[in-house]
Amino acid sequence: MASATHAHSRVADFLQQTNTIFCDARHLVSALPNVERFTVERSLRLLYAVKAVSTQLGDQLSSAEDITLLHKISDALILPLQHHTDTTEENPCPQAPTTPPNGVPGHPQAVIDVAHAMHLHNLGNSWEQIAEAMGVAQRTLYHHLHAAGIGSFRSKGCA
């Protein structure tokens, strides 16, 4: 009896995962052609896996009608996704470009209010604390201070 319950639980888990796969595939189909090819290919692999596994569920826990229904749903989702992969070229560089609009590679330049940083430092905050509060690296803060002609030393007369 425990074995039958365990088998029933595994089938229920499979059906729950299948539902998630179907929902994701429906979302992709509704977003065509504005989807990445590798996402479509992943969905196709999962849909084919659902068909293969559901075929093996020919035991007393699943009826032939249930398996046929899973196959029909899978096929209805596979058709437009497969058509998309057959008719679109693979994008050799699917990632967004890393060069910003100004043409200089790397991170966008940080905007730091040097006067505010100096004020915070004169109030007794360390450069490390100020950099963290401004969301930049300490080295970036030092670079901006140097570019503004300001050293990273504490002004005389401050605590």
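The coordinates are above.
### Here's the deal with the nonpolar core
Formed by 17 residues in total, the largest nonpolar core has its most connected members in Phe 22, Leu 47 and Leu 81. Elements represented by at least two residues in this core include exactly helix H1 (2–31), helix H2 (37–56) and helix H3 (64–87). Broken down by element, this core gets its largest block of residues, six residues, from H1. In this view, Leu 47 contacts Ile 21, Phe 22, Ala 25, Ser 74, Leu 77, Ile 78 and Leu 81; residues no more than four positions away in its chain are not counted. In this structure, Val 114, Trp 127, Ile 130 and Val 136 belong to the second largest nonpolar core, which totals eleven residues.

### Brief notes about the packing of helix H4 (residues 114–122) against helix H5 (residues 127–134)
Between H4 and H5, the shortest axis-to-axis distance is 10 Å and the interhelical angle comes to 135 degrees. Taken together, the axes of H4 and H5 are oblique relative to one another. Our pair here, H4 against H5, has a crossing hand that is right-handed. Residue-level contacts link His 116, Ala 117, Met 118, Leu 120 and His 121 of H4 to Trp 127, Ile 130 and Met 134 of H5. Considering only residue class, the contact of H4 with H5 consists of six nonpolar, two polar and no charged.

### Observations regarding the environment of Ala 117
Relative to the elements of secondary structure, Ala 117 occurs in helix H4. Judged by its relative accessible area of 0%, Ala 117 is buried. For Ala 117, the residues in contact, after removing those within four places along its chain, are Trp 127, Ile 130, Met 134 and Leu 141.

### Considering the pattern of salt bridges
One pass over the structure, following the stated rule, counts two salt bridges. For Glu 41, the salt bridge is made with Arg 37, and the minimal N-O distance between the two is 2.9 Å. With Glu 41 and Arg 37 both in helix H2, this residue pair falls four residues apart, about one helical turn. Close ionic contact of Lys 51 with Asp 75 constitutes a salt bridge, the shortest N to O distance being 2.6 Å. On the criterion of sequence distance, the pair formed by Lys 51 in helix H2 and Asp 75 in helix H3 is long-range, its members being 24 residues apart. According to the relative accessible area criterion, Asp 75 is partly exposed, its value standing at 37%.

### Some thoughts on the side chain of Ser 54
Mapped onto the elements of the fold, Ser 54 is located in helix H2. A relative accessible area of 0% means that Ser 54 is categorised as buried. Separated by 3.0 Å, the side chains of Ser 54 and His 71 make a polar contact. Apart from residues no more than four positions distant in its own chain, Ser 54 is found in contact with Phe 14, Ile 67, Leu 70 and His 71.

Conventions we followed
- Residues numbered from 1 in each chain as written.
- Predicted model: local features only at pLDDT ≥ 70, side-chain atom pairs only at ≥ 80, totals over all residues.
- Heavy atoms only, no water.
- Core = buried A, V, L, I, M, F, W, Y, C linked by side-chain atoms within 4.5 Å.
- Buried < 20%, exposed > 50% of the residue type's maximum accessible area, 1.4 Å probe, protein only.
- Helix = DSSP H or I, 4+ residues; strand = E, 2+ residues; numbered from the N terminus.
- Contact = heavy atoms within 4.5 Å.
- Axes fitted to C-alpha atoms, helices over the stretch in contact; angles between N-to-C directions.
- Parallel < 35°, antiparallel > 145°, perpendicular 65-115°, else oblique.
- Left-handed = near helix turned anticlockwise from the far one by under 90°.
- Nonpolar A, V, L, I, M, F, W, Y, C, P; charged D, E, K, R; others polar.
- Salt bridge = Lys/Arg side-chain N within 4 Å of Asp/Glu carboxyl O.
- Polar contact = N/O pair within 3.5 Å; in protein donor to acceptor, adjacent residues only side chain to side chain.

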